[in-house]
Amino acid sequence: MFTSKFYSQESKTEEFKPAYMVVTTVHRSSDPNVDFSDWMKTEKEYFDKVTMKNDLILGYGVYFHYFTPDDSEVKLVTVYKNWEDIDNAAEVSNKLIDEACPNEEETNAFFDKQSSYYSNHHSDEIYMTTRYSKPAKLDGDKPLIFYVKVNKRGSGGGSGWNEYFENVTMKNNYIKGYYTHVHRWGADSNDMVEAFAFESLGDIEKAFEEDGRLINEHWSDEDKRKEFFKGYNKIFAGHGDYIYSNVPELVK
């Protein structure tokens, strides 16, 4: 979950630049003979020797099923500066693999072990980040809980996103992080994703209550509040809900 920004040398003003996110969905193996006891050790070795050393990978995270339709689901999120770096980073990773383990037999054995943790099925989506974000500390001592809304774009326009973001989402202290991504390549071009980071599952419900309080505080006039949400509710045409937890040891 990532947003890229840079500052102009001349104007010193902040200018948003979207980052590219590749979200790979893999599935834990259902083979009862697979030993998962070394999963963290194996993934951490690759993470330290390849992912962390690859400068074209701006960010990386692993997200496990918490409440989703598929309890085997694991999301691998990799962030790049631009589209070209998606391919270029693969070349850099291959070189780092060769440097880390020049013995081909040992390398093959390592990847056989790593791949045994997952089924053969996976899917990929590519998103672009948007300027609406509230960065969280993802590599703390404890996993964060991510409530993910996969929205479908509405067909009737809509308005008010920025006002709602600044006066509700950014002011809600239960929301430790907030990230938005729009479809770039994948199954459904109508997807627009919001990801909210929380310290605990219970904080999700508390955040909903706090949203209500902040809404009434900012739009204290009932008629103006109703008028605002007439436009705001047209931005999306429904959504799906998912909850994940991240792995702090595998955060870049």
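Scroll up a little and you will see the structure.
Residues numbered from 1 in each chain as written. Predicted model: local features only at pLDDT ≥ 70, side-chain atom pairs only at ≥ 80, totals over all residues. Heavy atoms only, no water.

**Student:** Can you break down the overall build of the chain residue by residue, with the values?
**Tutor:** Helix and strand counts for the chain come out as six helices and ten strands. Structurally, the chain occupies a C-alpha span of about 70 × 50 × 35 Å along its principal axes. Long-range contacts, defined here as pairs at least 24 residues apart, represent 80% of the contacts in the chain between residues at least 6 apart. With an accessible surface of roughly 14400 Å², the chain has 48% of that area assigned to carbon and sulfur atoms. Computing the positive centroid from 30 side-chain charges and the negative centroid from 45, the chain places the two 7 Å apart. (Helix = DSSP H or I, 4+ residues; strand = E, 2+ residues; numbered from the N terminus. Contact = heavy atoms within 4.5 Å. Areas by Shrake-Rupley, 256 points an atom, 1.4 Å probe, with all protein chains shown as cover. Lys, Arg positive; Asp, Glu negative; His and termini not counted. Charge placed at Lys NZ, Arg CZ, Asp CG, Glu CD.)

**Student:** Quick rundown of the packing of helix 4 (residues 161-169) against helix 5 (residues 202-218)? Include the residues and the values.
**Tutor:** Interaxial distance between helix 4 and helix 5 falls to 9 Å at its minimum, and their mutual angle equals 115°. For helix 4 against helix 5, the interelement crossing comes out right-handed. Side by side, helix 4 and helix 5 meet where Glu163, Tyr164, Asn167 and Val168 of the first sit next to Asp211, Leu214, Ile215 and His218 of the second. Of the residues that constitute the contact of helix 4 with helix 5, the class distribution is four nonpolar, two polar and two charged. (Axes fitted to C-alpha atoms, helices over the stretch in contact; angles between N-to-C directions. Left-handed = near helix turned anticlockwise from the far one by under 90°. Nonpolar A, V, L, I, M, F, W, Y, C, P; charged D, E, K, R; others polar.)

**Student:** Describe in detail the sheet that holds strand 10 (residues 236-246), supporting the description with residues and values.
**Tutor:** Pairing is antiparallel in the closed barrel, where eight strands are placed in the order 3-5-4-10-7-9-8-6. Mean inter-strand twist for the sheet, computed between neighbouring axes without regard to direction, equals 35°. Running over the sheet, helix 2 (residues 84-100) touches strand 3 (20-27), strand 5 (73-80) and strand 6 (123-129) and is turned about 105° from strand 5. (Pairing = 2+ DSSP bridges.)

**Student:** Describe in detail a nonpolar patch on the surface, supporting the description with residues and values.
**Tutor:** A surface patch of nonpolar side chains, about 270 Å² in accessible area, is lined by Tyr66, Phe67 and Leu201. Since its relative accessible area comes to 33%, Leu201 is described here as partly exposed. (Patch = residues over 30% accessible without salt bridge, like charges linked within 9 Å, V, L, I, M, F, W, Y side chains within 5 Å. Salt bridge = Lys/Arg side-chain N within 4 Å of Asp/Glu carboxyl O. Buried < 20%, exposed > 50% of the residue type's maximum accessible area, 1.4 Å probe, protein only.)

**Student:** Explain the packing of aromatic side chains residue by residue, including any values.
**Tutor:** On inspection of all chains with the given rule, the structure shows 25 aromatic pairs. Centre to centre, the rings of Tyr147 and Phe196 are 5.6 Å apart; their planes meet at 25°, and the pair counts as stacked. Pair noted here: Tyr147 is in strand 7 (residues 145-153) and Phe196 is in strand 9 (residues 191-198), with a separation of 49 residues, a long-range link. Judged by its relative accessible area of 9%, Tyr147 falls in the buried class. Ring centres of Phe228 and Tyr232 lie 5.7 Å apart, and the angle between their planes is 20°; on these two criteria the pair is classed as stacked. Highlighted residues: Phe228 and Tyr232, both in helix 6 (residues 222-232), separated by four residues, approximately one helical turn. (Phe/Tyr/Trp six-rings, centres within 6.5 Å; stacked < 30°, edge-to-face > 60°.)

**Student:** Please provide a residue-by-residue account of the nonpolar core, values included.
**Tutor:** As a rule of thumb, soluble globular proteins bury nonpolar side chains together. Counting 24 residues, the largest nonpolar core has Trp161, Tyr164, Tyr178, Phe198, Trp219, Phe229 and Tyr232 as the members making the most contacts within it. When residues of this core are traced back to their parent elements, those giving at least two are strand 7, helix 4, strand 8 (177-185), strand 9, helix 5, helix 6 and strand 10. Every residue in contact with Trp219, bar those within four places of it in the chain, is listed here: Glu163, Tyr164, Val168, Lys224, Arg225, Phe228 and Phe229. (Core = buried A, V, L, I, M, F, W, Y, C linked by side-chain atoms within 4.5 Å.)

**Student:** Account for the environment of Phe110, naming residues and giving values.
**Tutor:** Position of Phe110 among the secondary structure elements: in helix 3 (residues 104-116). For Phe110, a relative accessible area of 18% translates into the label buried. Each C-alpha atom, one on Phe110 and one on Tyr46, is 9.4 Å from the other, the two residues being 64 residues apart in sequence. Contacts of Phe110, omitting those with residues within four sequence positions, involve Thr42, Glu45 and Tyr46.

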